[in-house]
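Now for the letters of each chain:
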Amino acid sequence: MTRKEEPNATEAEAEELAGSRIDWVTDIVLRALIRLALTLPLRMRLSIMGGLISRVVAPLAGYRARAEANLAYIWPDMTEDRRRAIARAVSDNAGRTMIENYDVLGLRDRMAGSPLLGEGVTELEAARQEGRPVLFVTGHFGNFEAPRAALVARGYQIGGLYRPMSNPFFNAHYAQNMHALSGPVFEQGRRGTMGLVKHIRQGGMGVLLFDVYDSSGAKIDFLGKPAPTLTSAAEIALRTNALLMPFFGIRRNDGVSFDCIFEPSIPHGDPVEMTREMTRRLEARIEKDPAQWFWIHRRWKPRRQEKKARKRAREAAQKAE
């Protein structure tokens, strides 16, 4: 190691330590907010959590800035005021969603009287009668747990696969909470995927959120920009002969209730094309109401994609020599 490299290594270690401390502090704050909020009446709870996440946590953690940057990347002609307004609304929805999903049994009871809407409902009911498996796909839009809660309230058992949170402190209790509504629920990975496939193959139902970056995924455009996306949901549906059905829990203007929309199932075919179709379904929802999608995600990672593309180009050039 050269003298010049030593400070860089020290800085990297310092950044990692700072990140861990930020994660720890963020988790402590969020845990305290969650415990306090759950003691409050529903509407007050949702309003307070939405406001605290939007006005305090999101700015401090850099979430609002990231959301605005993503909006500028996708819609560069959007005004700065509009980007700020959407980013605030996204953070507010994130706060409401978080506290709702920490009271999943309460959410289940709330959704018991909420109607199931959309053309996919007839298909879903037929599949249940036939014992045919169903794999629901959705994105981080509105509250993705609301349709699942509505189904559980009607006697459905809905399993799923979840992606661990980047904050390890927060993930510990987040994962525990994922199991409270209905199961089985598996952590993303080879073992978890095998568990979900087995559950679906036996005639079960499950949910997958597909709108996350994965470097090994197919390069599928999302809102006009390339976004590597896993085709796992389509592949599982093909392997198990499951209906592949998009659903969405769309938050209403009152900030409390939801429309649970079940769209027509996606025809089986090429996994990449099936994934493109589920992406188009989500894009249509986002374009209609962008404030309901989780713009805080690092969904595109253009710099990382560019770096990988340059590496592939170099390797191809070396092979050609």
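Scroll up to find the structure.
Residues numbered from 1 in each chain as written. Predicted model: local features only at pLDDT ≥ 70, side-chain atom pairs only at ≥ 80, totals over all residues. Heavy atoms only, no water.

### Digging into the overall build of the chain
When helices and strands are counted, the chain shows twelve helices and nine strands. Over its C-alpha atoms the chain spans a radius of gyration of 21 Å, differing by no more than 12% from the 20 Å that the globule rule assigns to 321 residues. The C-alpha extent of the chain, read off along each of the three principal axes, is 70 × 55 × 40 Å. Put simply, the chain has 321 residues, and 47% of those count as buried. Residue pairs at least 24 apart in sequence account for 77% of intrachain contacts in the chain once pairs closer than 6 positions are excluded. Only carbon and sulfur atoms are counted for the fraction: they give 52% of the accessible area of the chain, which is about 16,500 Å². (Helix = DSSP H or I, 4+ residues; strand = E, 2+ residues; numbered from the N terminus. Rg over C-alpha atoms; globule rule 2.2 N^0.38 Å. Buried < 20%, exposed > 50% of the residue type's maximum accessible area, 1.4 Å probe, protein only. Contact = heavy atoms within 4.5 Å. Areas by Shrake-Rupley, 256 points an atom, 1.4 Å probe, with all protein chains shown as cover.)

### Brief notes about the pairing of strand β9 (residues 258-262)
Counting buried residues in β9 gives four out of five residues, a clear majority hidden from the surface. Inspection of the sheet shows strand β1 (residues 116-117) paired to β9 by two bridges, in the parallel sense. If you follow Leu 116 over to β9, its bridge partner there is Cys 260. Taken together, the five bridges between strand β8 (residues 243-251) and β9 define a ladder with antiparallel strand orientation. If you follow Phe 248 over to β9, its bridge partner there is Ile 261. (Pairing = 2+ DSSP bridges.)

### A few points about the pairing of strand β5 (residues 205-209)
A large share of β5 lies buried, amounting to four of its five residues. In this structure, strand β2 (residues 134-138) lies alongside β5, joined through five bridges in parallel fashion. When the bridges of β5 are listed, Leu 135 appears paired with Gly 206. By the bridge criterion, four bridges tie strand β3 (residues 158-162) to β5 in an arrangement that is parallel. The residue of β5 that forms the bridge with Gly 160 is Val 207.

### A short note on the packing of aromatic side chains
In the structure shown here, the tally under the stated rule is eleven aromatic pairs. Measuring from ring centre to ring centre gives 5.7 Å for Phe 222 and Trp 300, while their planes differ by 25°; the resulting arrangement is stacked. Placement of Phe 222 in strand β6 (residues 218-222) and of Trp 300 in the loop between α11 (271-288) and α12 (302-320) is noted, with a sequence separation of 78 residues between them. Trp 300 carries the same exposure label as Phe 222, and that label is buried. Three or more aromatic residues link up through ring pairs in this structure, and these residues are Tyr 73, Trp 75, Phe 222, Trp 293, Trp 295 and Trp 300. (Phe/Tyr/Trp six-rings, centres within 6.5 Å; stacked < 30°, edge-to-face > 60°.)

### Some words on a nonpolar patch on the surface
Together, Trp 24, Val 25, Ile 28, Val 29 and Phe 169 make up an exposed nonpolar region whose accessible area comes to about 430 Å². If one sorts the elements of the nonpolar patch by residue count, helix α1 (residues 5-37) sits on top with four residues. (Patch = residues over 30% accessible without salt bridge, like charges linked within 9 Å, V, L, I, M, F, W, Y side chains within 5 Å. Salt bridge = Lys/Arg side-chain N within 4 Å of Asp/Glu carboxyl O.)

### Comments concerning the pattern of salt bridges
All told, the structure shown has 14 salt bridges when counted by the stated rule. For Arg 45, the salt bridge identified is with Asp 103, shortest N-O distance 3.3 Å. One end of the pair, Arg 45, is in helix α2 (residues 42-61); the other, Asp 103, is in the loop between α4 (80-101) and α5 (104-111), and 58 residues separate them in sequence. When its relative accessible area of 11% is taken as the criterion, Arg 45 is described as buried. A cluster of three or more residues bridged by salt bridges with shared partners is formed by Glu 263, Glu 277, Arg 280, Arg 281 and Arg 285.

### Points about the sheet that holds strand β4 (residues 185-187)
As summarised here, the arrangement of the seven strands in space is β1-β9-β8-β2-β5-β3-β4, forming an open sheet in which the pairing is mixed. With partners counted over all chains shown, the strands left at the sheet margins are β1 and β4, one partner each. Where β2 meets β8, four bridges bridge the pair, whose relative direction is parallel. Looking at β8, one finds that Leu 135 is bridged to Leu 244.

### As for helix α3 (residues 63-74)
Compared with the 16 Å implied by 1.5 Å per residue over twelve residues, the 17 Å span of α3 between its first and last C-alpha is a close match. Restricting attention to buried positions, one finds in α3 the residues Arg 64, Ala 67, Glu 68, Asn 70, Leu 71 and Ile 74. The arc that holds the buried residues of α3, viewed along the axis, is 160°, so those residues lie on one side. Summarising the contacts, the buried residues of α3 are in contact with α2, α4, β6 and β7 (225-229). (Expected span 1.5 Å × (residues − 1). Arc of directions from axis to C-beta.)

### Section: the nonpolar core
Within soluble globular proteins, side chains that are nonpolar generally end up buried alongside one another. In this structure, Leu 244 and Trp 295 are the most contacted members of the largest nonpolar core, which totals 38 residues. The contact partners of Leu 244, leaving out residues within four places of it in the chain, are Leu 135, Val 137, Ala 233, Ala 234, Ala 237, Ser 265, Ile 266, Met 274 and Met 278. Counting residues in hydrophobic clusters, the runner-up holds 25 residues, among them Leu 107, Met 111, Leu 116 and Cys 260. (Core = buried A, V, L, I, M, F, W, Y, C linked by side-chain atoms within 4.5 Å.)

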